[in-house]
Amino acid sequence: MTTRISRKVAQQIVSTVKDVCGYDINYIDEYGTIFASTNEDRVGQYHEAGKQVAISHETIEVFEDNSFSGAKKGVNIPIFHNGTFIAVIGISGEPEAVRHFAYLAVRITMLLIREQEMESFNRTKREKMKYVIDSLLYGQKVNHEYLALCLEEMNLNMEEKMRVLYIQINTRYNLMNLSLIEQRLMQLFEGIGCSFYSYHYPNEYIAILSEKSMKEERQQIEAFAEEYNRLLTVAVGARKNIYQIKKSYETAKIASASIQEEKIPFASFDDLDLGMIYGSMQPEIKEKYKKKTMSALTEEDKEVLQIYYEEEMSLTATCKRLFLHKNTLQYKLDRIARETGYNPRKFKDAVVLYMALNM
């Protein structure tokens, strides 16, 4: 017999039940050996009554000390799980007085075994999800049949188009309180019917949703991102089949980078325009670009440009907002052209300056 409950857990149970009833309690294995007890001196000793219970699978009540070798008077009950004998629980004392406490110990044991099984199942499930997601995202080969089985468990169809949902927790957030935001994330995943996700140290969650689910739940996802905008950002990658999900992951990261530029909590790669360019550029490249195009400009110049572009390059509308005469605005724009080498009134040059201004 393989004991399905560890000695450590068994010891916790006997100690807990003794706190309630005040009687000594033993866990006894199929060989009659006490492997957990509230009386430490009895651990490792032989318990004949326990051995007989393990053989007969019947409860034995002992009414006199040592009428069974190594056994005190009390009640000894077999524990079964899924039809398999696990152990014997013995409680020392007058049988009439301790009988109901023995059954309490049995019930606690069964609850703990079920809890352990559930934790083991969930842990195995999480490990499986992380393995599959990591393999897909990093281009490793995954057995087709195994992948199909995992997707079926997660209620996903291999034939469906899918998207990566990329959630990044703000590194300035106190990671000691990570469990709080994790709880909110679990509620989100449950609410949108997403069971295929994994955590990536130190601050990323990656989920894979079907295109159908993403369309149906986008509003809820956006609302979540808005509600927790100071704690995290949420980005959605491009639509891909499961074997191309790495591309969805890469585009989700581009969308996530654009969030930093736009200072918004949510972005979808499909919605990006210039944000796609911003998000795919390395920080040092951005700095070089801005330095090359904007370094000669003052804050006042940048403000003029910003309003000029917001007003669709209309001199009249820009003058109105800035309370400037048209000639003054033209002078300022000409000065920007001389300082930068790019004329904000010419389309091609305007694009260069606009990108630098909003980068």
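Here's a quick rundown of the structure. Everything numeric here is computed off the predicted structure, so don't read it as measured data.

Time to look at the side chain of serine 268. Structurally, serine 268 can be placed in strand S10 (residues 266-268). Aside from chain neighbours lying at most four places away, what touches serine 268 is Arg218, Val236 and Ala255.

Quick look at the pairing of strand S5 (residues 84-92) now. Extensive coverage of S5 is indicated by the burial of eight of its nine residues. When strand S1 (residues 25-28) meets S5, the two strands line up antiparallel, connected through four bridges. If you follow asparagine 26 over to S5, its bridge partner there is glycine 90. Connecting the antiparallel pair strand S4 (residues 74-81) and S5 is a turn made up of two residues, with asparagine 82 showing a positive phi of about 55°.

What follows deals with the packing of aromatic side chains. Summed over the entire model, instances satisfying the criterion amount to eleven aromatic pairs. Each ring, one from phenylalanine 189 and one from tyrosine 205, has its centre 6.4 Å from the other, and the planes form 50°; the classification is tilted. Of this pair, phenylalanine 189 sits in helix H5 (residues 178-191) while tyrosine 205 sits in strand S8 (residues 204-210), and the two are 16 residues apart along the sequence. Pair check on accessibility: phenylalanine 189 and tyrosine 205 agree, each one buried. With a centroid separation of 5.2 Å and an interplanar angle of 50°, the aromatic rings of tyrosine 199 and tyrosine 205 are classed as tilted.

Turning our eyes to something else, we now look at the pattern of salt bridges. It is possible for side chains of opposite charge to pair when their charged atoms get near one another. Counted according to the given criterion, the structure contains 18 salt bridges. A salt bridge links arginine 99 to glutamate 96, with the shortest nitrogen-to-oxygen separation between them at 3.3 Å. Here the residue arginine 99 and the residue glutamate 96 both occupy positions in helix H3 (residues 95-137), the gap between them amounting to three residues, near one helical turn. Taking the relative accessible area as the measure of exposure, arginine 99 reaches 25% and is therefore partly exposed.

Three- or four-residue spacings in an α-helix give side chains the same orientation, since the helix completes a turn every 3.6 residues. All of the buried residues in helix H4 (residues 144-153) are Leu147, Cys150 and Leu151. Projected down its long axis, H4 carries its buried residues within an arc of 100°, all on one side. Residues of H4 that are exposed and point more than 90 degrees away from the buried face comprise Glu145 and Glu152. Backbone geometry just downstream of H4 places asparagine 155 in the positive-phi region, at approximately 60°.

Our next topic: the sheet that holds S4. Taken in spatial order, the five strands make up an open sheet running S2-S1-S5-S4-S3, and their pairing is antiparallel. A single partner strand is all that each edge strand has here, and the edge strands are strand S2 (34-37) and strand S3 (60-62). Neighbour-to-neighbour, the strand axes of the sheet open up by a mean angle of 25°, direction not taken into account. Where S3 and S4 come together, three bridges link them in antiparallel fashion. Counted as the bridge partner of isoleucine 60 is asparagine 76 from S4.

To continue, consider helix H2 (residues 48-56). Taken together, the buried positions of H2 are Ala49, Gly50, Val53 and Ala54. End-on view of H2: buried residues confined to an arc of 140°, all on one side of the axis. Looking at the residues trailing H2, positive phi occurs at histidine 57, about 60°.

Next up on the list: the packing of helix H10 (residues 299-310) against helix H13 (residues 347-357). Between H10 and H13, the shortest axis-to-axis distance is 11 Å and the interhelical angle comes to 110°. In terms of axis orientation, H10 runs roughly perpendicular to H13. Where H10 crosses over H13, the handedness of that crossing is left-handed. Seen from H10, the contacting residues are Lys302, Leu305, Gln306 and Tyr309; seen from H13, they are Ala350, Leu353, Tyr354 and Leu357. For the contact of H10 with H13, the residue count by class is six nonpolar, one polar and one charged.

Cut-offs and rules
- Residues numbered from 1 in each chain as written.
- Predicted model: local features only at pLDDT ≥ 70, side-chain atom pairs only at ≥ 80, totals over all residues.
- Heavy atoms only, no water.
- Helix = DSSP H or I, 4+ residues; strand = E, 2+ residues; numbered from the N terminus.
- Contact = heavy atoms within 4.5 Å.
- Buried < 20%, exposed > 50% of the residue type's maximum accessible area, 1.4 Å probe, protein only.
- Pairing = 2+ DSSP bridges.
- Phe/Tyr/Trp six-rings, centres within 6.5 Å; stacked < 30°, edge-to-face > 60°.
- Salt bridge = Lys/Arg side-chain N within 4 Å of Asp/Glu carboxyl O.
- Arc of directions from axis to C-beta.
- Axes fitted to C-alpha atoms, helices over the stretch in contact; angles between N-to-C directions.
- Parallel < 35°, antiparallel > 145°, perpendicular 65-115°, else oblique.
- Left-handed = near helix turned anticlockwise from the far one by under 90°.
- Nonpolar A, V, L, I, M, F, W, Y, C, P; charged D, E, K, R; others polar.

Geometry only, nothing functional implied.
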